[in-house]
Amino acid sequence: MRRKILREMAGGPPLSPREVTDRLDDTLSNVSYHFRVLADSGVLRLVRTRPVRGSTQHFYGVTIDADWARTVLAIDESARVGAALEGEEIG
């Protein structure tokens, strides 16, 4: 899930867990948990907040800008696509 989040966010504007939840078709609680782990690890950084209907929406940006990290994410995605085409399941 964390790799999926990073792939969704790579090279784009800051996103909130809610926005990523909609894109990945997962639960907000699960995506928020992984956002917190990534933020605690220093991979994501809180860049702004916005009040929304009595709560606060948090927007995060990716802090890793290393070419090797982008390469790893791309390789991982390529392996998943290749396995899916062959009917394998990769966890």
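The sections below set out a description of the structure shown in this document. (Residues numbered from 1 in each chain as written. Predicted model: local features only at pLDDT ≥ 70, side-chain atom pairs only at ≥ 80, totals over all residues. Heavy atoms only, no water.)

### What about the overall build of the protein?
Secondary structure summary: the protein contains four helices and two strands in total. In the protein, the succession of helices and strands from N to C terminus is α-α-α-β-β-α. Counting the 91 residues in the protein, one finds 25% classified as buried. In the protein, the share of contacts with a sequence separation of at least 24, taken over all contacts with a separation of at least 6, comes to 44%. Element-wise, carbon and sulfur atoms account for 51% of the exposed surface of the protein, whose accessible area totals about 6200 Å². (Helix = DSSP H or I, 4+ residues; strand = E, 2+ residues; numbered from the N terminus. Buried < 20%, exposed > 50% of the residue type's maximum accessible area, 1.4 Å probe, protein only. Contact = heavy atoms within 4.5 Å. Areas by Shrake-Rupley, 256 points an atom, 1.4 Å probe, with all protein chains shown as cover.)

### Side note on unusual backbone geometry
A positive phi angle, near 55°, is found at Asp25, a position not held by glycine. With respect to the element layout, Asp25 can be found in the loop between α2 (17-24) and α3 (28-40). On the basis of relative accessible area, Asp25 is assigned to the exposed category, the value being 72%. The backbone of Arg53 shows a phi angle near 40°, a positive value even though the residue is not glycine. Structurally, Arg53 is set in the loop between β1 (44-52) and β2 (55-62). Here Arg53 falls in the exposed class, since its relative accessible area comes to 84%.

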